[in-house]
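# Coordinate analysis (summary)
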Amino acid sequence: MTTSDLAEIVAAELDFSSQEGRLVVTALVNGLIDTLRKGERVQIRGFGSFRPHQRRSRTVRHPRTGAEILVPAKSVPRFVPSRRLREALLRLPASPSR
């Protein structure tokens, strides 16, 4: 699903135009990003929660040259699904492997 697909669902559900649906989805995503940038948690009941997670710096090897490279510490989003979402996904049939 893409942002456009989600905007179409929002527009259809709320009887909005496609452009208004896009504005709603854009506002939602921007709000999530702004809240996570502040270091705060975002909880969407029935779906899950996002929180910023601090990764430590680490040393890795370049696959071709073998040279060591320092990857600096950074903040990344971490998602924890709600029980409702986990249970809904457990009821899905297994997809065939590639």
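As shown above, the structure is provided for reference.
Let us look at the structure shown here.

Here is what the cut-offs are and how they apply
- Residues numbered from 1 in each chain as written.
- Predicted model: local features only at pLDDT ≥ 70, side-chain atom pairs only at ≥ 80, totals over all residues.
- Heavy atoms only, no water.
- Pairing = 2+ DSSP bridges.
- Helix = DSSP H or I, 4+ residues; strand = E, 2+ residues; numbered from the N terminus.
- 1 Å grid on protein atoms, 1.4 Å probe; cavity = no way out; pocket = protein on both sides within 12 Å on 5 of 7 lines; lining within 4 Å.
- Points joined across faces, edges and corners; volume = space filled by probe spheres on them.
- Contact = heavy atoms within 4.5 Å.
- Patch = residues over 30% accessible without salt bridge, like charges linked within 9 Å, V, L, I, M, F, W, Y side chains within 5 Å.
- Areas by Shrake-Rupley, 256 points an atom, 1.4 Å probe, with all protein chains shown as cover.
- Salt bridge = Lys/Arg side-chain N within 4 Å of Asp/Glu carboxyl O.
- Lys, Arg positive; Asp, Glu negative; His and termini not counted.
- Charge placed at Lys NZ, Arg CZ, Asp CG, Glu CD.
- Buried < 20%, exposed > 50% of the residue type's maximum accessible area, 1.4 Å probe, protein only.
- Axes fitted to C-alpha atoms, helices over the stretch in contact; angles between N-to-C directions.

As a further point, take the pairing of strand 4 (residues 68-71). For strand 3 (residues 58-61) and strand 4, the ladder comprises four bridges, and the chain directions are antiparallel. Looking at strand 4, one finds that Arg61 is bridged to Glu68. Following strand 3, the chain reverses through six residues before pairing antiparallel with strand 4; Gly66 in that reversal takes a positive phi of roughly 80°.

When its volume is computed, the largest pocket comes out at roughly 310 Å³. Around the largest pocket sit Met1, Leu6, Val10, Val24, Val25, Leu28, Val29, Leu32, Ile44, Phe47 and Phe50, which together line it. Broken down by secondary-structure element, the contributors of at least two residues to the lining of the largest pocket are helix 1 (3-14) and helix 2 (18-37). With five residues, the top contributor of residues to the lining of the largest pocket is helix 2.

All right, on to the side chain of Ser49 then. Along the chain, Ser49 falls in strand 2 (residues 48-55). With near-sequence residues (within four places) excluded, Ser49 lies in contact with Arg41, Val42, Gln43, Arg78, Phe79 and Val80.

Taken together, the side chains of Arg41, Arg45, Arg51, Arg55, Arg58, Lys74 and Arg78 define a basic patch exposed on the protein surface. Secondary structure elements with two or more residues in the positive patch: strand 2 and strand 5 (74-81). Along the polypeptide, Arg58 turns up in strand 3. Overall, the relative accessible area of 39% leaves Arg58 in the partly exposed class.

Let us look at the pattern of salt bridges. Tallying each qualifying case throughout the model produces one salt bridge. Between Glu68 and Arg61 there is a salt bridge, and its shortest N-O distance comes to 3.4 Å. Across the pair, exposure class does not vary: Glu68 and Arg61 are exposed alike.

A word on the sheet that holds strand 1 (residues 42-44). Overall, antiparallel pairing links the three strands, which are arranged 1-2-5 in an open sheet. On the outer flanks of this sheet lie strand 1 and strand 5, each paired with one strand and no other. This sheet shows a mean twist of 25° between the axes of neighbouring strands, independent of strand direction. As defined by bridge partners, strand 2 adjoins strand 5 across eight bridges and the pair is classed as antiparallel. Bridging from a neighbouring strand, Arg51 pairs with Arg78 of strand 5. Running over the sheet, helix 2 touches strand 1, strand 2 and strand 5 and is turned about 140° from strand 1.

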